[in-house]
Every structure is written in structure tokens, then in C-alpha cells.
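# A closer look at the structure
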Amino acid sequence: MASGVAVNAAVIEEYGNLKKNMYRYLIARISDDSKEVILQKVVPLSDKKTYKDFLAELPADDCRYLVYNYEYDFDGGHRSKIVFFQWAPENAKIKSKMLYASTKDSIKKALVGIQVEIQGTDKSEVC
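Residues numbered from 1 in each chain as written. Predicted model: local features only at pLDDT ≥ 70, side-chain atom pairs only at ≥ 80, totals over all residues. Heavy atoms only, no water.

### Focus on the overall build of the protein
Rule in force here: Strands here mean DSSP runs of E at least two residues long; helices mean DSSP runs of H or I at least four residues long; both are numbered from the N terminus. In this treatment the radius of gyration is a C-alpha quantity, and the globule benchmark scales as 2.2 Å times the residue count to the 0.38 power. Partly exposed describes any residue whose relative accessible area lies between the buried limit of under 20% and the exposed limit of over 50%, with all areas from a 1.4 Å probe on protein chains only and scaled to the type maximum. Contact definition: two residues touch when any of their heavy atoms are within 4.5 Å. Computed with the Shrake-Rupley method and a 1.4 Å probe, the accessible areas treat only the protein chains shown as cover for residues. His residues and chain termini do not enter the charge count, which takes Lys and Arg as positive and Asp and Glu as negative. Charged groups are reduced to one reference atom each: NZ for lysine, CZ for arginine, CG for aspartic acid, CD for glutamic acid.
The secondary structure content of the protein amounts to three helices and six strands. Relative to the 2.2 N^0.38 estimate, which gives 14 Å for 127 residues, the radius of gyration of the protein is 14 Å and therefore close to what a compact globule would have. Summarising its shape, the C-alpha atoms of the protein cover approximately 45 × 30 × 25 Å along the three principal directions. Evaluated residue by residue, the protein yields a buried proportion of 39% over its 127 residues. Intrachain contacts of the protein at a sequence separation of at least 6 include 62% that bridge at least 24 residues. Put simply, the protein shows about 7,300 Å² of open surface, and 50% of that area lies on carbon and sulfur atoms. Charge centroids of the protein, computed over 19 positive and 18 negative side chains, lie 2 Å from each other.

Quick look at the structure:
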């Protein structure tokens with residue numbers, strides 16, 4: 001089900017920069033007028049933020065889309081995966097959860113190259 005919510009060009013542009021290893025993560029939200037997905041925050045790799053810092057950014061009562069550049073070492077080499085999160089906590093308003101769910105496909109199509117998708121409603125699901 002499409003919501004008709006567009007993805008702002010800044011979200012796509014900064015996602016491209018995340019893929020170039022300029023950012024650790026980015027946070028996007030649906031605008032107050034519910035017309036587009038807008039960029040809320042980007043966190044550069046130089047900030048040395050951890051996954052724990054990322055989890056602290058998850059709002060307790062509102063939905064978000066987040067993209068995390070997960071880096072790890074495997075089989076003698078350094079690797080990374082781009083992880084897309086749809087965050088919809090239990091305390092969020094039902095209308096917000098429905099809008100984010102119906103807009104998810106639009107943002108995923110705009111952000112080409114997502115390797116892993118996680119849907120979370122509680123921090124225990126994303127730890």
C-alpha cells in the first residue's frame with residue numbers, strides 16, 4: 001500500500017554519502033505535514049559514535065527510518081553492511097505507525113543498496 005509520501009532529495013543524497021563511508025548513520029522522519037520523508041540527522045564516521053549511541057537516538061514514542069553503516073571484521077578482512085531500520089515503538093500513535101508502514105516501500109526503493117532490513121518496536125529487538 002503506497003502512502004503518497006515522497007522521499008526528499010536530501011535523504012537520497014546523504015544516503016549516497018553514507019554508502020561512500022562518510023557517515024555512521026542517518027535518521028529520517030516523515031514531515032509534520034505528512035508529505036515527504038525528510039532528513040533529521042546525519043552522524044559522520046569521524047564522530048566515533050557506536051551502535052549503543054545509535055540506539056540512544058531511537059525515540060520512545062515516535063516512528064523513524066534509520067540507516068546504519070555497520071562495519072565488522074570477517075575472515076581476515078574489513079567489511080560493512082548497510083542496515084535499514086523501520087522503528088515503530090509500541091508507544092507511537094497508531095496513525096504514525098500506519099503512515100510509516102505504508103511509506104516504507106517508497107523509501108526502500110529510493111535508497112538503493114540496502115543489504116539488511118530490521119523492523120523494531122522495542123529496543124530489545126534491535127540490540
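So much for the structure itself; the text now carries on.
### Remarks on the pairing of strand S2 (residues 23–30)
Defined as follows: Any two strands are treated as partners once DSSP identifies two or more bridges connecting them.
In terms of residue burial, S2 counts as a mostly covered element, since seven of its eight residues are buried. In terms of strand pairing, S2 meets strand S3 (residues 36–44) through seven bridges, oriented antiparallel. Following the sheet pairing, Ile-27 is matched in S3 by Lys-41. Linking S2 to S3, which pair antiparallel, is a turn of five residues; within it Ser-34 sits at a positive phi near 60°. The sheet contact formed by S2 and strand S4 (residues 64–74) spans four bridges and is antiparallel. Residue pairing in the sheet places Ile-27 in a bridge with Leu-66 of S4.

### What about helix H3 (residues 94–110)?
To keep it simple, the criterion reads: Helix span is expected to be 1.5 Å times the residue number reduced by one. The seven residues ending at a residue and the seven starting there each receive a fitted axis; the angle between those axes is the bend at that residue.
Between its first and last C-alpha, H3 extends 25 Å over 17 residues, near the 24 Å set by a 1.5 Å rise per residue. Taken as a whole, H3 carries its principal kink of about 40° at Thr-103. Along H3, the residues classified as buried are Ser-96, Leu-99, Tyr-100, Ser-102, Thr-103, Lys-104 and Ile-107.

### Things to note about the nonpolar core
Going by this rule: For the purposes of this section, nonpolar cores are sets of buried Ala, Val, Leu, Ile, Met, Phe, Trp, Tyr and Cys residues that join through side-chain atoms within 4.5 Å.
Core analysis: the biggest nonpolar cluster contains 21 residues, and Val-11, Ile-30, Val-37, Tyr-65, Val-67 and Ile-107 have the highest contact counts within it. Looking at this core, the elements that each hand over two or more residues are helix H1 (9–19), S2, S4, strand S5 (77–87) and H3. Setting aside anything within four residues of it in sequence, one finds Val-11 in contact with Ala-28, Val-37, Ile-38, Leu-39, Ile-107 and Leu-111. Of all hydrophobic cores here, the second largest spans twelve residues; its members include Tyr-25, Val-43, Tyr-68 and Trp-87.

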